Amino acid sequence: MNILLIGSGGREHALAWAISNSPLISTLYAAPGNAGIAEVATLVDLDAGSHDDVIHFCQSHDVELVVVGPEAPLVAGLVDDLEAAGIKAFGPSKAAAQLEGSKAFTKGVCDEAAIPTASYGRFGEKDAALAYVREKGAPIVVKADGLAAGKGVVVAMNEADALAAVEACFDGSFGDAGAEVVIEEFLEGEEASFFVIVDGKTALPLATAQDHKRAYDGDEGPNTGGMGAYSPAPVMTDALIDRTMREIIEPTVATMAKRGTPFKGVLYAGLMITKDGPKLIEYNTRFGDPECQVLMLRMKDDILTVMLASAGGTLDKVSVRWHDDVALTVVMAAKGYPGSYDKGTEIKGLAEAASDPDVEIFHAGTKHDAGKLVANGGRVLNVTARAPSVREARDKAYAAIERIDWPEGFCRSDIAWRALARES
C-alpha cells in the first residue's frame, strides 16, 4: 500500500525507517521530510496546513493511510478532513487532540475521571494568576494552555520566576497558546514517558522510555524539546505499568469515548513517579521526540500493522513484541539551541559514524545544499544505538558521535545517567 507520512523531524525519520521495513509498503511518501527521510521515502513538497492539498495528493497517488507525526496538524483537524474524504489516517481527531492542544482540557478530563495529577488553578486573566502564585508560593509550575512547541512550561523554583512566567504568557510570548494559563503544584519524583496506541476503545501499551529535557549536563540549563532518551525506563516496573494503565490510561480512554470524542492514535503520558505512585503531568497525542527513535529501534513487530489496527478499530486483535535490548539516543543540536543558532553548517562523517550495525542515525533537522549535508534546525541529529545494557548502548552512541565532523554542534555527555546509576 501507499503511505503518506506528515512531518520533518527525528521522530518522523524513525517512523519512516520503521514503516519502510514493513512488508505491506509499496511507496512511502513524506511531506516535507528531511535529508535522512529521503533515504527511505519519496519526499513531497506539501504544506500540511493546506488540508485540501493533502487530500488531493492522497487521491491522485492512491494513498491508503496518512500517518501524522507532529501535533500541530492533529490539533488543526487534519485527520477529520482526511476521514471525511474517505482516507484513513493514524492519529486523533481535532476534538480528541485537545488532550495535547489544551492543558486545561486535560485537567478537566482528569477531574471527571478521578485521574491522579497535580492540583491546579486555571486562569484567563493575569491578575488572578499572579495572585494564585503569591498565595501558593514556589516551587510551582506555570503552563501556557495551548501548543507552544515544548517551550510553554516553566518549572519555577522561586516565586519571582513564576510571576515572570505568568507575565510572559499574558504578554504574548507564546501567542494564542498563552491566552489561558494553568498553574500547577510542583510534583517531586522521577519523570517517565509511557506510550499506548488506542483505537477508540482499546489501549495497547508500548514500551516505556525516559527523556532528558534540559539542555546541558546534570539537567542544567533551559528546557528543550528533548536532548536524549532511552528505553526501557527502569523506574517503570511492571507494577507501575499496571497502575498507570488502570488509574490513568484506561479512565482517559473511557472518558473520551463517553464524551463522544473517542481517542485514536498514540497517547503519550508524561508521568511523575511520586512516593504515592504515578501522576499525570501532561498528555501528548503523538509519539515523543526523541522517545520515538528508541521505541522504533526496540520494536520487533510491524509498526504499520499496529497503525492500521488503530485506524480500523481492531487493536484487540494485535500485540507488540519488543527486543530485550536497551535502545538509547543522543541528540546533537546546533550550538545556541534552544536559543538562537546558525543554520547551514556542514555535517560530515555520518557514514563512518553509522558503520556499527547497532547504530542508526536519525535526522532531525538536515537538508542537502549544493551536494553537502547541512544543519537546518535546532535539534539536528539523533544518534541512536541498541545493546544488551544501558552502558553498552550509551558507549556505542557516543563512539558514533566521536566520528561525526560537525564543530558547530553539541550534545549532552550524560544521557541515561539515572539508568546507569541503577545498573551499577
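Scroll up to find the structure this text is about.
Residues numbered from 1 in each chain as written. Predicted model: local features only at pLDDT ≥ 70, side-chain atom pairs only at ≥ 80, totals over all residues. Heavy atoms only, no water.

A. View of the overall build of the protein. Helix and strand counts for the protein come out as 14 helices and 22 strands. Along the first, second and third principal axes, the C-alpha set of the protein runs to 55 × 50 × 45 Å. Per-residue burial over the protein gives 57% buried out of 424 residues. In the protein, the share of contacts with a sequence separation of at least 24, taken over all contacts with a separation of at least 6, comes to 70%. Summed over all atoms, the accessible surface of the protein reaches about 16600 Å², with 47% contributed by carbon and sulfur. (Helix = DSSP H or I, 4+ residues; strand = E, 2+ residues; numbered from the N terminus. Buried < 20%, exposed > 50% of the residue type's maximum accessible area, 1.4 Å probe, protein only. Contact = heavy atoms within 4.5 Å. Areas by Shrake-Rupley, 256 points an atom, 1.4 Å probe, with all protein chains shown as cover.)

B. Spotlight on the sheet that holds strand 5 (residues 88-90). If you walk across this open sheet you meet the five strands as 3-2-1-4-5, and the pairing is parallel. In the strand order of this sheet, the two ends are held by strand 3 (42-43) and strand 5, each with one partner. Bridge count for strand 2 (residues 28-32) against strand 3 is two bridges, and the pairing is parallel. Each residue of the ladder has a partner; that of Y29, found in strand 3, is T42. Sitting on the sheet, helix 1 (residues 10-20) is in contact with strand 1 (2-7), strand 2 and strand 4 (63-68), with an inclination near 170° to strand 1. Of the strands in this sheet, strand 1, strand 4 and strand 5 are in contact with helix 11 (residues 303-312), which crosses strand 4 at around 95°. (Pairing = 2+ DSSP bridges. Axes fitted to C-alpha atoms, helices over the stretch in contact; angles between N-to-C directions.)

C. Geometry of the pairing of strand 21 (residues 379-387). Judged by how many residues are buried, strand 21 sits mostly within the fold: eight of nine residues are covered. Pairing between strand 17 (residues 326-334) and strand 21: eight bridges, direction antiparallel. Counted as the bridge partner of T329 is T384 from strand 21.

D. Representation of the pattern of salt bridges within the structure. Scanning the entire structure with this criterion turns up 27 salt bridges. Between K275 and D276 there is a salt bridge, with the nearest N and O atoms lying 3.5 Å from each other. Residue class for D276 comes out partly exposed when judged on its relative accessible area of 49%. Taking the shortest distance from any N to any O, the salt bridge between D316 and K317 comes out at 3.6 Å. (Salt bridge = Lys/Arg side-chain N within 4 Å of Asp/Glu carboxyl O.)

By themselves, these are just geometric observations and shouldn't be taken as functional.
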